[in-house]
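Here are the chains, one letter per residue:
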Amino acid sequence: MKKRGGIILIIPKDLQIYCRKRILRRVIPCMIFISVFATVLTLWGTVIFNTDNTAFQILCYIVVMLVPFVITGVPHKLIDSTYYGTVKKVDIITTTDNDSAVKPTREHLYLKNTIYLSIEQSDGKLIYKKAYSGKARLQQNINAYNEGDLVFHLYGTNNVVVLPDANDNSVHCSVCGSSNNIENDKCRTCGHSLIKHI
Ligand SMILES: [Zn+2]
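Presented here is a report on the structure given in the accompanying data block. Since the structure is predicted, the reported quantities are computational estimates derived from the model, not experimental observations.

Another point: the overall build of the chain. When helices and strands are counted, the chain shows two helices and nine strands. Within the chain, the fraction of its 198 residues that count as buried is 14%. Here the contacts in the chain between residues at least 6 apart in sequence split such that 50% fall between residues at least 24 apart.

Strands sit in the order 5-4-3-6-7 across an open sheet of five strands; the sheet is antiparallel. Edge positions in the open sheet fall to strand 5 (126-135) and strand 7 (161-162), since each of these has one partner strand only. Direction of pairing for strand 3 (residues 83-96) relative to strand 4 (residues 111-120): antiparallel, over a ladder of 10 bridges. Across the sheet, residue Thr96 finds its bridge partner in strand 4, namely Leu111.

Contact geometry of helix 1 (residues 13-48) with helix 2 (residues 54-72) gives a least axis separation of 9 Å together with a crossing angle of 160°. Relative to helix 2, the element helix 1 is oriented roughly antiparallel. Pair helix 1 / helix 2 crosses with right-handed handedness. For the pair helix 1 and helix 2, contact is made by Arg26, Pro29, Cys30, Phe33, Ile34, Phe37, Leu41 and Gly45 and by Tyr61, Val64, Met65, Val67, Pro68, Phe69, Ile71 and Thr72, respectively. Class assignment of the residues belonging to the contact of helix 1 with helix 2 gives a composition of 13 nonpolar, two polar and one charged.

Before going further, it helps to examine helix 1. A maximum bend of about 55° is found in helix 1 at Thr42. Burial of helix 1 is sparse: only one of the 36 residues sit out of reach of the surface.

Parameters and conventions
Residues numbered from 1 in each chain as written. Predicted model: local features only at pLDDT ≥ 70, side-chain atom pairs only at ≥ 80, totals over all residues. Helix = DSSP H or I, 4+ residues; strand = E, 2+ residues; numbered from the N terminus. Buried ≥ 20, exposed ≤ 12 C-beta atoms within 10 Å, placed from the backbone. Contact = placed C-beta atoms within 7 Å. Pairing = 2+ DSSP bridges. Axes fitted to C-alpha atoms, helices over the stretch in contact; angles between N-to-C directions. Parallel < 35°, antiparallel > 145°, perpendicular 65-115°, else oblique. Left-handed = near helix turned anticlockwise from the far one by under 90°. Nonpolar A, V, L, I, M, F, W, Y, C, P; charged D, E, K, R; others polar. Bend = angle between axes of the 7 residues up to and from the residue.

Have a look at this one:
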């Protein structure tokens, strides 16, 4: 249960468990790596980094101990939050997908659409969130978000789902994003509870 601006957001139990599992799935491997690396350094650190330069040795230790964080993406991949609110503005930004240096430079093939939403939360606070990113030529989700839509994002997922209004007969799963009949309570793809209203 999360209190925000006087309105209480009740997240179904199975979704809460899902969020907790997402966190543990990143934190536990990180902890394991840290303990393994620390053990190796404690036992064989002076053998591996055999030098008289203490400052250099400390630097090597620090670099080694940073590796688990780089591998597991903790903590930056854990930075997310569950939020909901009304869409005030939709920005679709088309850019060249040059995230990777190894990709060919045929730019037209790799144009990317990124959808950003300005969302007004129940306490009146405006937040700016990335809702979708994908190949521009697929034209996916171009009309998925409109001003006035009530949207919801669950911690750790890649989806920002539009909650159904009175005229809708389908509801999108906040975990996997698939479309479900409005009558359903559980997602037919992943089995998680469907959020229909807040
Ligand atoms: Zn689902």
